[in-house]
Amino acid sequence: MTHLYSTYSEETLMKLICQCDEELAFRELYRRHARLLVHIAIKKTGLKSIAEDLVQETFVKFWLGRNKFDIQKNIQAYLNGMLKNNIINYFHQEQKKRTTSLLDEEEVLDNDTSEYLEFNNLHEFYEQSLLKLPQKCREVFILSRKGYSLKEIAATMEISEKTVEAHISKALKILRVEMKDYIAFAVLFLPVI
């Protein structure tokens, strides 16, 4: 029955998914994007089974958080960003496994728990700080963090590249002020700019 949705635009599918909890629309979205995401994940992990698991996890997270999303433009970019975070988490977990085998388990548990809480606090504070940005500035900044070039962002947002640069600079200035107390920790854990 997903063929009913095969002619629907991405925007219509997103409305059906996020506002109406429409599972068949979600299946169509999955059908359109899963293969490319698996291909991307295979390139990053080198393992098809891991790649498929990470893509599955991406879509599960997407479905579970569908009512919170405000996706107005490029759904592929959004799914790519979610997948990228899952891949980073996967490698982080793999590294932890290797580290754990070398260290005393109790010490690792204490450090990991503390680091996990600090990272979660930082991530939550970062998300709250993003919400303080003006909407268009926030959208441009988020796209830039997902790896889009100035040219791609300008085309997607229908603004000039100079305006894109101005939005990114403004976002960075605001975030530096907002997150000044977390900056040392952020350097270790947030994506490289």
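Residues numbered from 1 in each chain as written. Predicted model: local features only at pLDDT ≥ 70, side-chain atom pairs only at ≥ 80, totals over all residues. Heavy atoms only, no water.

Peer 1: Got a sec to walk through the packing of aromatic side chains? Specific residues and values, please.
Peer 2: Under the counting rule described, the total for this entry stands at 5 aromatic pairs. Pairing F26 with F62 gives two aromatic rings, centres 6.2 Å apart and planes at 10°, and the pair type is stacked. In this pair, F26 sits in helix α2 (residues 23–45) while F62 sits in helix α3 (residues 48–64), placing the two residues 36 residues apart along the sequence. On the accessibility criterion, F26 (15% relative accessible area) is buried. Of the residues examined, F62 reaches a relative accessible area of 0% and is grouped as buried. Taking the centre distance of 4.7 Å and the plane angle of 65° together, the rings of Y30 and F59 count as edge-to-face. (Phe/Tyr/Trp six-rings, centres within 6.5 Å; stacked < 30°, edge-to-face > 60°. Helix = DSSP H or I, 4+ residues; strand = E, 2+ residues; numbered from the N terminus. Buried < 20%, exposed > 50% of the residue type's maximum accessible area, 1.4 Å probe, protein only.)

Peer 1: I'd like a rundown of the nonpolar core, residues and numbers included.
Peer 2: In terms of nonpolar packing, the biggest core is built from 27 residues, with I17, V55, F59, F62 and L83 touching the most fellow members. Looking at this core, the elements with two or more residues in it are α1 (10–20), α2, α3 and α4 (75–102). The residues contacting L83, other than those within four sequence positions of it, are L37, I40, A41, L54, V55 and T58. In terms of nonpolar packing, the next biggest core, distinct from the first, is built from 18 residues, A77, V140, F141 and I159 among them. (Core = buried A, V, L, I, M, F, W, Y, C linked by side-chain atoms within 4.5 Å. Contact = heavy atoms within 4.5 Å.)

Peer 1: Outline the environment of T58, listing residues and values.
Peer 2: For T58, the position within the fold is in helix α3. Placed 25 residues apart in sequence, T58 and L83 show a C-alpha to C-alpha distance of 5.7 Å. In this structure T58 touches L79, M82, L83 and N86, once residues within four positions along its chain are discounted. From its side chain, T58 meets the backbone oxygen of L54 in a polar contact 2.8 Å long. (Polar contact = N/O pair within 3.5 Å; in protein donor to acceptor, adjacent residues only side chain to side chain.)

Peer 1: Could you give me a rundown of helix α6 (residues 135–145), with the residues and numbers involved?
Peer 2: For α6, every residue scored as buried is listed here: C137, V140, F141, L143, S144 and R145. The positive-phi residue at the C-terminal boundary of α6 is G147, with phi of around 95°.

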